[in-house]
Structure formats: C-alpha cells, structure tokens
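# Working through the structure, step by step
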Amino acid sequence: NFNNKSVVEFGVGTGRLTKLYIQQAKQASCFDRSEHMLDKAKANLESFKGKTTLDICDNNYISRLNLKADFIMEGWSFGHTVMENADKVFKITDKLVSDCVSLLKKNGTMIIIETLGTNTEKPAPPGETLKVFYNHLEEKHNFKRITIETDYKFTTVHEAVRILGFFFGEETAKSISEKNNAIVKEFTGIWYKKF
C-alpha cells in the first residue's frame, strides 16, 4: 500500500512503473542513468511534477544518495547492472541490496522487478547470470518472489516483430514472426522484502 508513502525508484525509464503507484504515494524520487529516459519520464509524469523528482544516478552509485523512503524499488534495471558485472554477481547483488537498504526507513519495503522471459511459454531467468542473481536474492537475502504474466498485445504481428525485434534482437523478431501471433507472452518476477 503506497498510501501517503515516500518512494525511491531506480531505473525509472519512461515512468511506466511510477504511474502505477504515484497517485497514492506522497512523493517519489526517481533515478535513471540515461538523460534521454529521464526526459521521457518527465513528459509522462508531467501531471505529477509536484510530487516527483527525476535525477541522473547510475545504480553503482546509490550509496551516494542522501535520502530515506518507505519503499525502494526498481524495474528492469538492476538486471542490467548485474549483467554488466557478470564476473562478480554475488558482490554486485550484495552491494545493490545493502545500498538500497541504507535508504529505507524503519519497516520499509524493497521491491525488485525483473524479467522472467519474453516470447517464452513458461517463466525462467533468461540466462545463467540472471539465474544466479535471482537465486542470490532469494537464498541469501530472503526475498520472496511472485511471478506475473505481462504479455504484450500488439495490433499486428508485423508491429510485434518491429518493436520487440528492436528491443530484443533479430532472433526474437524471427521467432515472433514464425509464431505469427500479435500477442507475445512475457513473464515478470517481483521480489519483495520488508526490512
């Protein structure tokens, strides 16, 4: 329940996740390492500018922030940081978790939202690095996970191929084209823990 709560969000992107909670929240401090994404988020969250701040912050520098919030959350962002540091998954996961926990108020909640596969029939981490990351969140840090379906519904197969091919590459585009379905299955994991 985000009612009258403060939120810090990492990897805000276009503000897609922010829009799900910002009406109830008291205020949100949103970060992304891409200025281009922050510009999109600013436009998308224009009607909430009284209670949102948007700033640049790479996930590797979370510990430099001087903030406290009831909720710390991220969407499809820590996975990228972990992938970029695939040789030290445990270390980077521990750092991301401890950096976020340092920003939490007492009894605060941390929420991590990451992919469990796009254009696939059942939920699974796409690749060994993310599998290790997710397992470490659950086994060492005791996060609980729920899995939800977040399918893409496009107007045409051509549109699905064009848009998802751009994001996920040629192999995905080819597979979507072969399946010939404008609905592309996707699964998302939500890891959460109260501190």
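In case you missed it, the structure is sitting above this.
I will try to describe carefully the structure that is included in this document. All values reported here derive from a predicted model rather than from experimental measurement.

Further remarks concern the sheet that holds strand β4 (residues 69–75). Ordered by their spatial adjacency, seven strands build an open sheet running β3-β2-β1-β4-β5-β9-β6, and the pairing between neighbours is mixed. Edge positions in the sheet fall to β3 (52–56) and β6 (144–149), since each has one partner strand and no second. For this sheet, the mean angle separating the axes of adjacent strands, direction not counted, is 20°. In this fold helix α4 (residues 89–101) packs onto β1 (6–10), β4 and β5 (104–118), with an angle of close to 145° to the strand it touches most, β5. Most of the contacts of helix α5 (residues 128–139) go to β5, to which it runs at about 150°, and overall it touches β5, β6 and β9 (186–194).

This structure, assessed with the given rule, holds nine aromatic pairs. An angle of 35° between the planes, with centres 4.3 Å apart, marks the rings of Phe-2 and Phe-71 as tilted. Here Phe-2, found in the segment before β1, pairs with Phe-71, found in strand β4; they are 69 residues apart in sequence, far enough to count as distant. Each of the two residues, Phe-2 as well as Phe-71, counts as buried.

Among the nonpolar cores identified, the biggest contains 26 residues, and Phe-10, Ile-72, Phe-78, Met-110 and Phe-133 are the most heavily contacted of them. Counting residues per element, this core draws most heavily on α4, at five residues. When sequence neighbours within four positions are dropped, the list of residues in contact with Met-110 reads Ile-72, Phe-78, Leu-96, Val-97, Cys-100, Val-101, Leu-104, Phe-143, Trp-191, Tyr-192, Lys-193 and Phe-195. Core analysis: the second largest hydrophobic core is formed by 19 residues, Val-7, Leu-17, Cys-30 and Met-73 among them.

The subject of this paragraph is a nonpolar patch on the surface. A cluster of nonpolar side chains, contributed by Ile-146, Ile-148 and Tyr-192, occupies part of the molecular surface with about 230 Å² of accessible area. Note on placement: Ile-146 falls in strand β6.

With respect to the secondary-structure elements, Asp-70 resides in strand β4. In this structure Asp-70 comes out as buried when scored by relative accessible area, which is 18%. Polar side-chain contacts of Asp-70 include one of 2.9 Å to the backbone nitrogen of Ser-6. In contact with Asp-70, other than residues within four places in its own chain, are Lys-5, Ser-6, Leu-104, Lys-105, Gly-108 and Thr-109.

Okay, the pattern of salt bridges next. Overall, the coordinates contain 11 salt bridges when judged by the stated rule. The salt bridge involving Lys-105 is made with Asp-70; its shortest N-O contact spans 3.9 Å. Within this pair, whereas Lys-105 is found in strand β5, its partner Asp-70 is found in strand β4, the two being separated by 35 residues in sequence. Residue Lys-174 is joined to Glu-178 by a salt bridge in which the shortest nitrogen-to-oxygen separation is 3.2 Å.

Thresholds, definitions, all that
Just so you know, the residues in each chain are numbered from 1, in the order the chain's sequence is written. For this predicted model, a pLDDT threshold of at least 70 governs which residues receive local features, and a threshold of 80 or more governs which side-chain atom pairs are given and counted, while totals over whole chains, interfaces and linings are taken from all residues. Computation of side-chain values: all heavy atoms of the structure, hydrogens and water removed. One bridge is not enough; two strands pair if DSSP finds at least two bridges between them. Secondary structure elements are defined from DSSP: runs of H or I of at least 4 residues count as helices, runs of E of at least 2 residues count as strands, and each element is numbered from the N terminus. All axes here are fitted lines through C-alpha atoms, helices being fitted over the stretch that makes contact, and every angle between N-to-C directions spans 0 to 180 degrees. Residues count as neighbours in contact if any of their non-hydrogen atoms are within 4.5 Å of one another. Aromatic pairing here means that ring centres of Phe, Tyr or Trp (its six-membered ring) are within 6.5 Å. Orientation follows from the plane angle: under 30 degrees is stacked, over 60 is edge-to-face, and everything else is tilted. A simple rule labels every residue: compare its accessible area, found with a 1.4 Å probe on the protein chains alone, to the largest value its type can have, and call it buried under 20%, exposed over 50%, or partly exposed in between. Among buried residues, those of type Ala, Val, Leu, Ile, Met, Phe, Trp, Tyr and Cys that are joined through side-chain atoms within 4.5 Å constitute a nonpolar core. Only residues whose relative accessible area exceeds 30% and that form no salt bridge are eligible for patches; like-charged ones are grouped when within 9 Å, while nonpolar side chains (Val, Leu, Ile, Met, Phe, Trp, Tyr) are grouped when within 5 Å. Working definition of accessibility: Shrake-Rupley area with a 1.4 Å probe, residue cover restricted to the visible protein chains. We define a salt bridge as a side-chain nitrogen of Lys or Arg found within 4 Å of a carboxyl oxygen belonging to Asp or Glu. Within 3.5 Å is the distance limit for a polar contact, defined as a pair of N or O atoms, with the added protein rule that one can donate a hydrogen and the other accept it, and that residues adjacent in sequence qualify only through two side-chain atoms.

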